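Chain by chain, the residues:
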Amino acid sequence: MNNRDIAALTDKYVTRTYARIPIALVRGKGAKVWDADGKEYLDFLAGIAVNNLGHCHPAIVRAIRQQSQKLLHVSNLYHILPQSDLASELCRHSFADRVFFCNSGAEANEAAFKLARRYGLEKLAGKYEIISTHNSFHGRTLATLTATGQEKIRAGYDPLPTGFRQVPYNDLSAVEEAIDEKKTVGILVEPIQAEGGINVPDEGYLRGLRELCDQRGILLIFDEVQTGMGRTGKLFAYEHSGIKPDIMTLAKALGGGLPLGAMLAREDIANSFGPGSHASTFGGNPVACSAGLIVMHTLLHGGALKNCVKMGKYFVEGLEALKKRFSFIREIRGEGLILGVELEIDGNKIAEACLQEGLLLNCTAYKVLRFVPPLIIKKNEIDRGLDILEKVLARQ
Ligand SMILES: Cc1ncc(COP(=O)(O)O)c(C=O)c1O
């Protein structure tokens, strides 16, 4: 089947929730993917920050193959070795003591909300409200879209759950004012807002949130669904800030391309979850966790974090050179290999033109080109991507 046949099948039978680009990707290797017509693309989107080790990394494929020959699935009524192993690795390399596994970023955030509410009930006199930020993105379930600070995501789903409110991002006094002594149980932020336009907060913002939470005795929750697993050059983005959250959520790159989410918490908080308080049939599935273990191992020992920092800097240098040449580039921001180029013109048109030239990226927040290539990207691939971008920008 070619691109057109596959698109026709999708259009006929799949719900219309995505404005899909009319190509079907059928094969990938490293930072390259191929569509059903055989056209090659350089992938600077990586499944939106999922394929951090590139497409079909041999060690991930091997781990999936080996585990799938032993056991595909068992219930969480039993112990599951790859799940226990991955939980132990995540705790060993983070602030956390315990992990709840699920299948997506939204579910990881749902788990965080539920844990915060249980903790609020047990330890904080029934506090339940979560403060999040404008322009944030936390998922598409009813609770996570309510926490999401974007009207377009919430539209049409009233009545929404209660217990959530938003304040401007990167504004400590707004958070301070919004904290309700009787209601607020925690503050939820992305260390870098991803879907909201690659917004990097000022130095001191995350530290300030930590101090506020400590003073008020409430929880600091970091949504690292997109920034986690090496994307910023450290395993978790919070490591750049010198402070630690109380709860952190992960998904996207965690399962190496398989659906896997996780909610990590400190022991005293995680203790508010007991048997029966939360669950997920597929959460912590043995195959997904085997892939996750390899992702962790390869990130920590395979040089991907170092490469992310080095290539991130190299990429920014190239983008800065383009900024000098094209006056409609307003700003370049990000950390490691989560980079945004804010334009004064429509970014969707640029992304479409890049696709025609064989470069995959996307536009977020209307005017921000988002680059989240695999962390194993090579210099010559960045050069090629920049060449394509330059060619497309020169036509504007
Ligand atoms: C920061 C953040 N949180 C949560 C989510 C939701 O993740 P999922 O689509 O896996 O539910 C996303 C997805 O883009 C995200 O970027």
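In what follows, the structure referred to is the one given above.
Residues numbered from 1 in each chain as written. Predicted model: local features only at pLDDT ≥ 70, side-chain atom pairs only at ≥ 80, totals over all residues.

Q: Lay out the overall build of the protein in plain terms, naming residues and giving numbers.
A: Counting its secondary structure elements, the protein contains 14 helices and 15 strands. Dimensions along the principal axes, computed over C-alpha positions, put the protein at roughly 60 × 50 × 45 Å. The burial tally for the protein puts 48% of its 396 residues in the buried class. Considering only contacts within the protein whose residues lie at least 6 apart along the sequence, 72% involve residues at least 24 apart. (Helix = DSSP H or I, 4+ residues; strand = E, 2+ residues; numbered from the N terminus. Buried ≥ 20, exposed ≤ 12 C-beta atoms within 10 Å, placed from the backbone. Contact = placed C-beta atoms within 7 Å.)

Q: So what's going on with the site of the ligand? Which residues, and what values?
A: If you check the shell around the ligand, you find 14 residues, and the closest are S104, G105, A106, V225 and Q226. The element that contributes the greatest number of residues to the shell around the ligand is helix α5 (residues 105–123), accounting for three residues. Within the shell around the ligand, the residues separate by chemical class into five nonpolar, six polar and three charged. (Near = placed C-beta within 6 Å. Nonpolar A, V, L, I, M, F, W, Y, C, P; charged D, E, K, R; others polar.)

Q: Describe the sheet that holds strand β11 (residues 329–335), naming the residues involved and giving the relevant values.
A: Here four strands make up an open sheet; going across it, the order is β11-β12-β15-β14 and the pairing antiparallel. Looking at which strands have only one partner, the edges of the open sheet turn out to be β11 and β14 (362–364). Strand-to-strand twist in this sheet, taken as the mean axis angle between neighbours without regard to direction, amounts to 30°. Pairing analysis gives three bridges linking β14 to strand β15 (residues 368–371), with the strands arranged antiparallel. Paired with T364 across the two strands is V368, which belongs to β15. (Pairing = 2+ DSSP bridges. Axes fitted to C-alpha atoms, helices over the stretch in contact; angles between N-to-C directions.)

Q: Explain helix α12 (residues 304–325) residue by residue, including any values.
A: Between its terminal C-alpha atoms α12 stretches 31 Å, which fits the 32 Å expected from 22 residues at 1.5 Å a residue. Residues of α12 that are buried: A304, L305, N307, C308, M311, G312, F315, V316 and L319. The buried residues of α12 all sit within an arc of 160° when viewed along its axis, so they share a single face. Opposite the buried face of α12, by more than 90 degrees, sit the exposed residues K306, K313, E317, E320, A321 and K324. (Expected span 1.5 Å × (residues − 1). Arc of directions from axis to C-beta.)

Q: I'd love a proper account of the sheet that holds strand β4 (residues 98–102), names of residues and values included.
A: If you walk across this open sheet you meet the seven strands as β4-β10-β9-β8-β7-β5-β6, and the pairing is mixed. Both outer strands of the open sheet, β4 and β6 (164–167), are each paired with one neighbouring strand and no more. If you compare each strand with its neighbour and ignore which way they point, the axes differ by 20° on average. Where strand β9 (residues 247–250) lies against strand β10 (residues 261–265), four bridges are found, and the strand directions are antiparallel. In the strand pairing of β10, T249 is matched with M263. Sitting on the sheet, helix α4 (residues 81–92) touches β4 and β10, and the angle it makes with β4 is about 130°.

Q: How would you explain unusual backbone geometry if you had to name every residue and give the values?
A: With an omega dihedral of -5°, the bond running from D158 to P159 counts as a cis peptide bond. Within the element layout of this structure, P159 appears in the loop between α7 (151–154) and β6. Even without glycine at this site, I48 takes up a positive phi of about 55°. Its location among the elements puts I48 in helix α2 (residues 46–49). Non-glycine residue K252 carries a positive phi angle of around 40°. With respect to the secondary-structure elements, K252 resides in the loop between β9 and β10.

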